Amino acid sequence: MDHTYLHDRDSFCDNKSNYDVVNVGFGPAGIALACVQEDAKENNSSPQDIKMLHLEKSDDTVWHGELLLSGTDINHSVFRDLVTPRNPRSRFSFAMYLKDKNRMFDFGLLSRPASRHEWSDYIRWVSSQVDKNTLFSTPAKEILPVVEGGELHGLKVVTEHDTYLTKNIVLSSGSQPHIPDKFLPYLGERVFHTSHFLSCLKRFGEALPARWLVLGSGQSASESVIELLKRREDITLHSVHRSPGFRLTQLGHFPNRVFSPEHVDYFHQLDNVSRRKFLEWSNATNYAGIDPDESQTLFSFVYEDRICGRERLLIRPYSEVVDVRQSDNGYKITLADIFSGKEEIIEVDVIVLATGYQQARIPALLTQLQPWLAQDQDGGLLIERNYRVALRETKGVNIYVNGLSERSHGISDSQSFSLMALRAEKIMKSLPGSREEN
Ligand SMILES: Cc1cc2nc3c(=O)[nH]c(=O)nc-3n(C[C@H](O)[C@H](O)[C@H](O)COP(=O)(O)OP(=O)(O)OC[C@H]3O[C@@H](n4cnc5c(N)ncnc54)[C@H](O)[C@@H]3O)c2cc1C
């Protein structure tokens, strides 16, 4: 459904200067902000009065639709939904969703995490109840400064058709796909990041090519590999890893406490060098591994093929891609063993980059504001504990990041649901106009 038409566009555009806050991105993090405000209206508490506009690039709410594959599930507790850690009584909880859908008892019998399909449906269910101030199909193209006497007095959020003038923005625009430089010249229908996975497969129709390379060792890599093996019986798939192959994610109870609010306090007060070390260590709890059931599926696949005398999934350990060239029949890839340096050339038809996501030191949307952004010694944003970006020479302007603060707040505050609800509350309550502003 295209939500653009659900709203009277003119009613937004009449008041282009009249928004207290413009939020960019209405994915889970942006929706969590809207939930804080809706809950506040019900409780007659702060920050119900703030006039906020949400801009969303997509035409609908789907949670990572390009990897919405059957058999995948969420890797966090359903209690870490858009609201429960902040307000277990909120009507936007996963429990309320189950109740509304009449699946409460059957969900309890599942004895497994919610599937990604169900979680995406939950996010859409919430979104549809809190999106009345949201313009879908409206990407923010750039944010420009309004300057008086060298001071930053306001911000202009530019979309294709309109410009919104405000003093406060929140960036809830998510992390960006990481594409290793070598592959940039070839990006397209046959060389793509997993953030385009299903659309690209769809373009091949029934005739999926035979020879594939999937680069990466994390969850998106394992899920793409499993999906491709399901889709073509006689596939040849090179799964390329610097490590010995797919590793298990860190599932220990104690290490996974990095996803708690106390750890954010701890992380935020560290210096930059220590933060980097801490992040490197905590990666194993999220990005660097896969679930035991996926590891079992992949290992069994290789094992069963050996019984039949065939090899469709070739795990390439200790390998890195050192060269990529287009050939008459596809792409010639040079793999080098990271220890011995020995090289091998393979040829494939399609390359899938399961190379994860990254957060720029300065988000692209803030490029034009650089003279007013205070920066840390690494050239990144200085982000306060309440997610406000430190600024220089400004008058009443505030920029908040909602999910773009991995470097300053740690792993749980970026690519995870764990602290989304509490972060949304912190941001909403510190916005000017909130009665609890600090
Ligand atoms: C395949 C996959 C599975 C995952 N599974 C889990 C999981 O199980 N548990 C977990 O905790 N985390 C998981 N994650 C991490 C994930 O980042 C978070 O779950 C969550 O999606 C983060 O929400 P977000 O709103 O910050 O970012 P996103 O989900 O990326 O949403 C950002 C939104 O901003 C919009 N946007 C971007 N730029 C603009 C612009 N210029 N103008 C307007 N709109 C814009 C986008 O269209 C999007 O809707 C997963 C990530 C992936 C890729």
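K.L.:
It is not clear to me how the nonpolar core should be interpreted in this structure. Could you clarify?
P.N.:
Core analysis: the biggest nonpolar cluster contains 39 residues, and Leu82, Trp119, Tyr122 and Val126 have the highest contact counts within it. The set of elements that each furnish at least two residues to this core consists of helix 2 (28–43), helix 3 (94–101), helix 5 (116–130) and helix 12 (420–430). The element contributing the most residues to this core is helix 2, with 7 residues. Ignoring sequence-local partners within four residues, the contact set of Leu82 consists of Pro28, Ile31, Ala32, Tyr122, Ile123, Val126, Phe417, Met420 and Ala421. In this structure, Leu55, Ile169, Ile383 and Val401 belong to the second largest nonpolar core, which totals 27 residues.

K.L.:
Is there a simple way to explain the site of the ligand in this structure?
P.N.:
The environment of the ligand is formed by 28 residues, the closest being Ala29, Glu56, Asn75, His76 and Phe417. Between the ligand and Phe417, the relevant distance is 2.7 Å, taken from an oxygen atom to a main-chain nitrogen or oxygen of the residue. Contact with the protein chains covers 87% of the free accessible surface of the ligand, which is 980 Å². Taken together, the residues of the shell around the ligand sort by class into 13 nonpolar, 12 polar and 3 charged.

K.L.:
Looking at this structure, how should I read the domain arrangement of the protein?
P.N.:
How big an interface is tends to be stated in terms of accessible area lost as the parts join. Per the domain assignment, the segments making up the protein are domain 1 (3–175 + 359–430) and domain 2 (178–249 + 287–356). Between domain 1 and domain 2, the C-alpha centre-to-centre distance is 33 Å. Counting residues at the interface gives 14 residues for domain 1, matched by 14 residues for domain 2. When the buried surface of domain 1 facing domain 2 is broken down by residue, Glu66, Leu67 and Leu69 rank first, second and third, together holding 53% of it. For Arg116, the salt bridge is made with Glu223, and the minimal N-O distance between the two is 2.7 Å. Of the residues contributing to the side of domain 1 that touches domain 2, the split by class is 4 nonpolar, 6 polar and 4 charged.

K.L.:
Would you mind going over the pairing of strand 18 (residues 398–401) with me for this structure?
P.N.:
One face of the sheet, then the other: side chains in a regular strand alternate in exactly this way. Residues Asn398 and Tyr400 of strand 18 are buried on one face, and the alternating residues Ile399 and Val401, pointing to the opposite face, are buried as well. The sheet contact formed by strand 7 (residues 168–171) and strand 18 spans 4 bridges and is parallel. Considered in strand 18, the bridge of Leu171 is made with Val401.

K.L.:
Looking at this model, I keep getting lost on the pattern of salt bridges. Mind explaining?
P.N.:
A side chain of one charge can pair with a side chain of the opposite charge if their charged atoms are brought near each other. In this structure the tally under the stated criterion is 27 salt bridges. Among the ionic pairs, Lys41 bridges to Glu38, the shortest N-O distance being 3.4 Å. With Lys41 and Glu38 both in helix 2 and 3 residues apart, the pair spans about one turn of that helix. Assessed through its relative accessible area of 35%, Lys41 is described here as partly exposed. Look at Glu38 and you get buried, because its relative accessible area is 11%. Glu347 is the partner of Arg211 in a salt bridge, and the nearest nitrogen-oxygen pair spans 3.2 Å. Here Arg211, found in strand 10 (residues 211–215), pairs with Glu347, found in strand 15 (residues 343–348); they are 136 residues apart in sequence, far enough to count as distant.

K.L.:
What is the right way to read helix 10 (residues 292–307) from this model?
P.N.:
Because each turn of an α-helix spans 3.6 residues, side chains separated by three or four positions end up pointing in the same direction. The terminal C-alpha atoms of helix 10 lie 22 Å apart, and with 16 residues this matches the ideal 22 Å at 1.5 Å per residue to within 8%. When helix 10 is considered as a whole, its buried residues turn out to be Glu294, Leu298, Phe301 and Asp305. Each buried residue of helix 10 sits inside an arc of 55° when the element is viewed along its axis, so together they form one side. Facing away from the buried side of helix 10 by over 90 degrees, the exposed positions are Gln296, Phe299, Arg306 and Ile307. On its buried face, helix 10 is in contact with helix 7 (219–231) and strand 12 (313–316). Directly beyond the C-terminal end of helix 10, a positive phi value near 75° is found at Gly309.

Rules used in this analysis
- Residues numbered from 1 in each chain as written.
- Predicted model: local features only at pLDDT ≥ 70, side-chain atom pairs only at ≥ 80, totals over all residues.
- Heavy atoms only, no water.
- Core = buried A, V, L, I, M, F, W, Y, C linked by side-chain atoms within 4.5 Å.
- Buried < 20%, exposed > 50% of the residue type's maximum accessible area, 1.4 Å probe, protein only.
- Helix = DSSP H or I, 4+ residues; strand = E, 2+ residues; numbered from the N terminus.
- Contact = heavy atoms within 4.5 Å.
- Near = heavy atom within 4 Å.
- Polar contact = N/O pair within 3.5 Å; in protein donor to acceptor, adjacent residues only side chain to side chain.
- Areas by Shrake-Rupley, 256 points an atom, 1.4 Å probe, with all protein chains shown as cover.
- Nonpolar A, V, L, I, M, F, W, Y, C, P; charged D, E, K, R; others polar.
- Domains from an automatic or database assignment.
- Buried area = accessible area lost by both parts, 1.4 Å probe.
- Salt bridge = Lys/Arg side-chain N within 4 Å of Asp/Glu carboxyl O.
- Pairing = 2+ DSSP bridges.
- Expected span 1.5 Å × (residues − 1).
- Arc of directions from axis to C-beta.

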